[in-house]
Amino acid sequence: MLSKSFFGYTRPAFRYELLSTTLPQPIAVAVPSTATLLLPGEMGPGKSESLKVGTNVKTGQRLAWSPSPGPSVISGISGTISAIESQTGNYGQKFIAITVARDASETFDDQFAAAVPQLDAQTLSDHLSMAPGGPALNKLLNAKKPINTIIVYGGDTDLLIESNLYILKRETEAVNQGIKVLKETAGVEKVVVVVPAESFQNFDGHFKGDVKAVPSAYPGAQPLMILYQLTGKMLVQGQAFEDLGMLFIRAEAVAAIGKAVSSGRVPVDKILTVVDKKGNKNLLSARIGTPVGDILGRLKITVNEGDRIIFGGPMTGTAIYSEQQPIAPDTDAIMVQDHADIHFSSDYPCINCGECIRICPSNIQVHMLERFLEAGQYQEGADLYDLYACVECGLCSLVCPSRIPILQYIKLAKFELARVIPAEEENE
């Protein structure tokens with residue numbers, strides 16, 4: 001008798017979370033005693049004029065290594081800078097970790113409020129690029145690659161998460177205000193709001209932009225999948241969304257922009273989905289920069305030796321290694337796995353079962369691509385086996401009986417090629 005796995009000859013019908021009409025009230029996490037802000041980039045030569053240990057900062061204040069336009073972070077609390085250190089993130093990304101010790105009283109920065117009457121794209125980028133949702137507003141400033149379409153995606157890209165969809169349903173007015181601001185400051189006329197198909201009737205006609213439905217089955221809400229569903233196009237090697245004149249922004253980020261302009265204050269509170277070891281979910285509200293340990297403590301979730309903490313969902317999330325790791329503007333979920341439930345990856349060789357090919361939404365020959373990437377031959381994998389057609393959904397890693405970390409190989413390859421190609425172009 002022939003036996004086969006559940007995934008052998010069909011693709012799983014995983015469904016995204018669709019909130020009921022009765023929306024829960026997020027559990028509030030107390031303002032932390034210390035908050036850590038991750039400023040993209042490295043410490044420049046010499047000392048910073050504005051970032052110094054002992055400097056007082058206000059809630060909502062923009063912090064940057066230099067006063068010139070560039071990467072910045074927004075302080076989630078009022079207090080005093082107690083430490084400034086270099087930190088390395090995923091795939092070698094560099095950050096400057098700024099730790100702020102909270103003061104007894106809270107004061108709000110008024111620089112953004114003063115700039116609102118003469119609001120432009122540069123001001124938006126300076127003050128709101130690290131607001132909740134982490135919008136890449138700096139891409140609106142590139143005259144060589146003008147943005148003509150903004151895609152606001154209102155669903156959540158991974159399973160078990162409901163943070164972004166909650167914002168879309170709960171803060172419709174703020175989202176509309178944010179869309180208006182983006183149109184006026186960036187001169188972008190076309191705004192498309194993307195929602196799960198099963199919720200389309202709840203949103204059609206409610207937003208100041210075209211509302212389009214995407215499948216409620218995973219991975220339909222991945223940005224690369226949305227791009228293909230809306231335009232029939234895929235990104236090629238070295239290409240980004242802005243090369244097509246498009247900018248993807250989460251509904252949470254658009255709502256943050258709307259609230260910031262309406263109130264004159266930069267929002268600093270994040271909505272998070274927290275999934276505990278038993279799979280129970282809770283929506284929480286916490287300040288940007290809050291340590292993970294404070295959030296888990298609010299829900300009385302204990303992390304023991306061997307347990308795993310994950311930023312993101314079960315398909316595409318990334319493990320972290322300290323409860324002091326802070327939540328960032330784009331952190332939409334935290335998962336905790338019991339050590340007994342963890343299936344570790346391995347170095348077993350591919351057995352050519354074909355499960356990864358059957359399940360791939362992009363129809364890539366994953367088993368061949370993985371061989372090149374595992375050997376570090378990233379360019380060959382991209383040229384021969386459609387690396388850039390991958391939507392990074394993680395389904396291949398899920399079904400692999402050899403437990404090969406295929407998704408991690410793919411992400412690493414794209415990261416390395418993204419570093420190499422600009423350097424080669426500069427040399428030429």
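Everything discussed here concerns the structure shown above.
S.K.: I'm lost on the overall build of the protein in this one. Help?
M.R.: Each helix and strand counted, the protein has 13 helices and 16 strands in total. In terms of C-alpha radius of gyration, the protein reaches 22 Å, essentially the compact-globule figure of 22 Å for 428 residues. Its C-alpha atoms give the protein principal-axis dimensions of roughly 70 × 55 × 50 Å. A buried classification covers 49% of the 428 residues belonging to the protein.

S.K.: Mind showing me how you'd approach the sheet that holds strand β11 (residues 246-250) here?
M.R.: The strands that make up a sheet are held in pairs by hydrogen bonds between backbone atoms, and each pair lies either parallel or antiparallel. If you trace the four strands from one edge of the open sheet to the other, you get β10-β9-β8-β11, paired in parallel fashion. A single partner strand is all that each edge strand has here, and the edge strands are β10 (210-214) and β11. Across the sheet, the axes of successive neighbouring strands diverge by a mean angle of 25 degrees, strand direction being ignored. Across five bridges, strand β8 (residues 149-153) lies against β11 in parallel orientation. Residue Thr-149 lies in a different strand from β11, and its bridge partner there is Met-246. Against the sheet, helix α6 (residues 223-231) makes contact with β8, β9 (190-196), β10 and β11, and its axis sits at roughly 130 degrees relative to β11, the strand it touches most.

S.K.: Even after reading the chapter, I still don't get helix α2 (residues 121-128), so can you show me in this structure?
M.R.: With respect to burial, α2 is a largely interior element, seven of its eight residues being buried. Along α2, the positions that sit buried rather than exposed are Ala-121, Thr-123, Leu-124, Ser-125, Asp-126, His-127 and Leu-128. Close packing links the buried residues of α2 with β4 (62-63), β5 (73-74), α1 (111-115), α4 (172-186) and α7 (251-263).

About the thresholds
- Residues numbered from 1 in each chain as written.
- Predicted model: local features only at pLDDT ≥ 70, side-chain atom pairs only at ≥ 80, totals over all residues.
- Heavy atoms only, no water.
- Helix = DSSP H or I, 4+ residues; strand = E, 2+ residues; numbered from the N terminus.
- Rg over C-alpha atoms; globule rule 2.2 N^0.38 Å.
- Buried < 20%, exposed > 50% of the residue type's maximum accessible area, 1.4 Å probe, protein only.
- Pairing = 2+ DSSP bridges.
- Axes fitted to C-alpha atoms, helices over the stretch in contact; angles between N-to-C directions.
- Contact = heavy atoms within 4.5 Å.

Interpretation in functional terms is not warranted from these geometric data alone.
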